[in-house]
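# Understanding the architecture of this molecule
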Amino acid sequence: MRKEVERLNGHRFFRIHDRFHTMIWHALARGLMMGLGTVVGATLLLSTLVWTLSQIEFIPIVGEWAREISDIVQSDSNGN
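## Things to note about the overall build of the protein
Secondary structure summary: the protein contains 4 helices and 0 strands in total. By element, 67% of the accessible surface of the protein is carried by carbon and sulfur atoms, the whole surface being about 7,200 Å².

The structure is reproduced here in structure tokens:
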């Protein structure tokens, strides 16, 4: 049991989190990276979705809806 506790105490996770300020720093960095990844991922996903919808204008109902979304996005990006 003692060997296992010594082995666990020497593990990288416990060495990183042995001080309060390093634990807080890693939690902050992890949160920032998760937030950035979420924003970038959502941006890529939504832009791909809007582009795909703008390409299917030949479907009557969905095409009109997609064109309206595309027009709104383009007018917002132009500053109108």
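There's plenty left to go through after this.
## Examining a nonpolar patch on the surface
Together, W25, L28, L32, M33, L36, V40 and L44 give the surface a local cluster of nonpolar side chains, amounting to about 750 Å² of exposed area. You can see M33 is positioned in helix α3 (residues 20-55). M33 gets classed as exposed once you look at its relative accessible area, which sits at 56%.

## As for the pattern of salt bridges
Under the defined criterion, the tally for this structure stands at 1 salt bridge. Linking R7 and E4 is a salt bridge whose minimum nitrogen-to-oxygen distance equals 3.3 Å. Of this pair, R7 and E4 are both found in helix α1 (residues 2-9), 3 residues apart, which corresponds to roughly one turn of the helix. Accessibility expressed as a relative area gives 58% for R7, which makes it exposed. Residue classification places E4 among the partly exposed residues on the basis of a relative accessible area of 41%.

## Topic: α3
The terminal C-alpha atoms of α3, which comprises 36 residues, lie 52 Å apart, in line with the 52 Å expected from a rise of 1.5 Å per residue. Every buried residue of α3 is accounted for by T22, L53 and S54.

Quick notes on the rules
Residues numbered from 1 in each chain as written. Predicted model: local features only at pLDDT ≥ 70, side-chain atom pairs only at ≥ 80, totals over all residues. Heavy atoms only, no water. Helix = DSSP H or I, 4+ residues; strand = E, 2+ residues; numbered from the N terminus. Areas by Shrake-Rupley, 256 points an atom, 1.4 Å probe, with all protein chains shown as cover. Patch = residues over 30% accessible without salt bridge, like charges linked within 9 Å, V, L, I, M, F, W, Y side chains within 5 Å. Salt bridge = Lys/Arg side-chain N within 4 Å of Asp/Glu carboxyl O. Buried < 20%, exposed > 50% of the residue type's maximum accessible area, 1.4 Å probe, protein only. Expected span 1.5 Å × (residues − 1).

By themselves, these are just geometric observations and shouldn't be taken as functional.
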